[in-house]
Amino acid sequence: MRISTMITMFRRSTSCPTARPRLFFVALVSAAMLGFAAMETAHAAQLEAGAAKVDITHPKAPADDPLYVKAFVIKSGDTTAAIVTVDAVAIGEIGSIGNDYLGKVRSRVEQDLKIPPTNVMVNASHCHGIVCDDIADRTVKAIQQAAANMVPVKVGVGSGHEDRVMVNRRLKLKSGKEVDVRHAYSMPSDDEVAEVGPIDPQIGVLRLDRMDGRTLAVVYNFACHPIQGIPSGGNTADMTGFASQVIEDNLSEGTIALFVQGCGGDINPVFYKDVAHPRDGEPLGNLLGLSTLKAVRKIKTKADDRLKVRNEVIELPRANLQERIYEMETEQERLLGSLGGTSLNLKTFLPLVVKYNVSEEFPSYYADGYLQEKATGQSGLSKLDAENRRNMKAYLRNIQTMEKLTRLNTNLALLRKHQSRGFGAGKRAIDVELVCLRVGDFVLTTFPGELTVRIGLGIKKRADDKNTFVAGYTNGYIYYAPTAEQLKNVGGAQEDSDCLLAPEWQQVYEDKVAEMLKGF
């Protein structure tokens with residue numbers, strides 16, 4: 001019954017006073033029910049989505065596990081968005097994808113599919129694989145295929161847990177300084193290390209099913225550098241590529257799994273510096289894939305037409321690194337000046353280390369020799385031991401100094417590079433593109449740099465919606481984005497050295513994200 005019909009009936013009932021309250025109540029309830037029904041119909045409107053993937057492995061760097069660009073196109077009413085994931089180190093700036101890539105892709109997608117550039121989101125997994133030269137063309141192809149295969153879908157959101165495959169690579173030392181774990185330089189000595197940082201074990205999952213229940217696509221968000229490699233040392237999509245394959249192999253035929261890199265700036269694969277076993281990302285990827293599958297299977301999808309995209313460009317302050325560069329150059333000179341002469345070289349040092357660790361009391365001969373010397377008032381062996389220990393200590397001090405120098409030199413080079421290109425060249429700020437995306441109950445906010453894990457943990461904790469997730473490495477690349485606290489350590493670790501930003505950036509960024517997410 002229409003509301004207008006009920007109003008007419010109510011007006012006619014005025015001739016019967018006793019019927020007025022009853023008919024008014026019926027009309028009111030009926031109108032409310034119709035309103036609720038209309039709201040439910042609007043809420044239950046169906047999304048349409050399509051997904052596709054295209055191989056982007058470089059032909060001159062073949063891989064056993066191919067690298068892919070994957071596209072997920074979704075539409076609700078007048079809004080269409082494309083979510084793209086690329087098995088590459090970054091979207092421009094570093095690696096084999098040029099700075100013109102994003103603009104080319106967006107321009108062609110707008111021309112061919114009428115999807116606004118602001119609604120095209122491209123995330124790099126940050127694997128260090130080598131992609132083909134025509135990556136832009138293949139990205140457009142993937143988006144076109146996804147758009148051509150769109151079908152009505154139901155959506156659902158959930159989260160998984162995985163804490164076995166990664167570690168925080170920043171180490172806090174007893175001195176209060178911080179260093180990071182990289183192959184570019186050596187580890188600090190064990191007795192210097194005081195504590196390690198946090199990880200984020202949450203896997204954010206968006207599941208999309210066709211109306212017949214078959215899974216169309218899975219979008220999963222997780223924070224970890226996928227840089228473990230494979231035993232052959234060859235080209236690879238690394239642990240996240242293996243994880244996606246596990247997901248696709250165990251769901252409906254044709255399912256596309258899209259990995260969206262989170263706040264993995266200071267998160268390494270576990271046992272990253274292991275020298276006793278070949279480097280192999282596949283076991284780690286299998287664990288991540290299985291944990292994601294466990295979450296996927298718990299998600300109940302439903303009709304939900306909510307699709308929102310909010311895109312803003314903000315200005316963040318650049319760092320002036322000149323004073324810190326000067327301080328590090330002074331420290332560099334001090335360390336160089338502290339290197340002293342020693343009688344030993346590597347050939348003589350290593351056997352002595354073995355002997356003096358096997359037998360601390362009698363390293364240079366059997367026990368009876370030392371006892372004989374003591375009985376006869378001689379001291380040749382004990383004096384030899386004292387001299388050897390002095391020489392080993394001096395040699396070891398030089399080694400540790402050189403290790404500090406390698407860390408300092410590597411990070412000093414990064415500071416000089418960014419100072420000369422940025423603040424030193426007159427650039428005082430940097431523009432960054434932020435995106436907020438909602439698909440049903442799933443909310444994702446993005447940033448074009450390597451956010452450290454504390455940034456992501458903080459945003460998720462403060463978000464009103466519990467299903468809010470954070471992606472770095474999206475729509476460009478501006479190097480690392482550590483916390484203001486971590487930037488007090490500039491020059492000590494890659495995250496705070498390979499960085500363009502002044503400490504004030506964090507508050508500006510987090511305030512803007514909170515504003516964009518409010519009521520979203």
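## Quick look at the overall build of the protein
Per the secondary structure count, the protein includes 13 helices and 19 strands. Its C-alpha atoms give the protein a radius of gyration of 30 Å, more than 25% over the compact-globule value 24 Å for 520 residues. Seen along its three principal axes, the alpha-carbon backbone of the protein occupies a region of about 130 × 55 × 55 Å. Within the protein, buried positions represent 50% of all 520 residues. Considering only residue pairs separated by 6 or more positions, the protein has 78% of its internal contacts joining residues 24 or more positions apart. For the protein, the accessible area works out to roughly 24800 Å², and carbon and sulfur atoms hold 54% of it. Taken together, the 63 basic and 63 acidic charged side chains of the protein have centroids lying 5 Å from each other.

## Some words on the nonpolar core
Across soluble globular proteins, nonpolar side chains have a tendency to be buried as a group. Within the largest apolar cluster, 41 residues are counted, with the highest numbers of intra-cluster contacts made by L316, L434, F447, L451, L501, W505 and Y509. Elements with a minimum of two residues in this core: β14 (307-317), α7 (322-338), α10 (380-421), β15 (429-439), α11 (453-462), β19 (480-481) and α13 (505-517). The element that contributes the greatest number of residues to this core is α13, accounting for five residues. With residues up to four places along the chain from it excluded, the contact list for Y509 reads I314, L316, L434, F447, L451, I455, I459 and V470. Core analysis: the next-biggest nonpolar cluster, separate from the first, contains 31 residues, A71, A124, C132 and V140 among them.

## Describing helix α8 (residues 346-358)
Given 3.6 residues per helical turn, the α-helix brings residues three or four places apart onto the same face. Taking 1.5 Å per residue, 13 residues should reach 18 Å; α8 reaches 18 Å between its end C-alpha atoms and fits that length. Looking at the buried residues of α8, the elements they touch are α10. Where α8 starts, the residue carrying a side-chain oxygen 3.1 Å from the main-chain nitrogen of K347 turns out to be N345.

## Concerning the confidence of the model for the protein
As a note on interpretation, predicted positions should not be read in detail where pLDDT is low. Confidence in the prediction of the protein, expressed as mean pLDDT, is 92, and 91% of residues score 70 or more. This stretch, residues 36-43, has a pLDDT under 50; its non-local contacts, to residues over four places away or in other chains, come to five contacts.

## Let's talk about the sheet that holds strand β8 (residues 178-180)
Within a beta sheet, neighbouring strands are joined by backbone hydrogen bonds and run either parallel or antiparallel to one another. Strands sit in the order β8-β7-β9 across an open sheet of three strands; the sheet is antiparallel. This sheet does not close on itself; its edge strands, each paired only once, are β8 and β9 (193-196). Geometrically, the sheet is characterised by an average inter-axis angle of 35 degrees between neighbouring strands, direction not taken into account. Alignment of strand β7 (residues 170-173) against β8, held across three bridges, turns out to be antiparallel. By the bridge assignment, R170 is partnered in β8 with D180.

## Quick notes on the sheet that holds strand β16 (residues 442-446)
Across the sheet, four strands lie side by side as β14-β15-β16-β18; this open sheet has mixed pairing. Single-partner strands in this sheet number two, and they are β14 and β18 (468-471). Neighbour-to-neighbour, the strand axes of this sheet turn through a mean angle of 20 degrees, independent of strand direction. Here β15 pairs with β16 via five bridges, running antiparallel. What sits directly across from R438, in β16, is V443. Sitting on the sheet, α13 touches β14, β15, β16 and β18, and the angle it makes with β14 is about 160 degrees.

Conventions and cut-offs
- Residues numbered from 1 in each chain as written.
- Predicted model: local features only at pLDDT ≥ 70, side-chain atom pairs only at ≥ 80, totals over all residues.
- Heavy atoms only, no water.
- Helix = DSSP H or I, 4+ residues; strand = E, 2+ residues; numbered from the N terminus.
- Rg over C-alpha atoms; globule rule 2.2 N^0.38 Å.
- Buried < 20%, exposed > 50% of the residue type's maximum accessible area, 1.4 Å probe, protein only.
- Contact = heavy atoms within 4.5 Å.
- Areas by Shrake-Rupley, 256 points an atom, 1.4 Å probe, with all protein chains shown as cover.
- Lys, Arg positive; Asp, Glu negative; His and termini not counted.
- Charge placed at Lys NZ, Arg CZ, Asp CG, Glu CD.
- Core = buried A, V, L, I, M, F, W, Y, C linked by side-chain atoms within 4.5 Å.
- Expected span 1.5 Å × (residues − 1).
- Polar contact = N/O pair within 3.5 Å; in protein donor to acceptor, adjacent residues only side chain to side chain.
- pLDDT = per-residue confidence, 0-100.
- Pairing = 2+ DSSP bridges.
- Axes fitted to C-alpha atoms, helices over the stretch in contact; angles between N-to-C directions.

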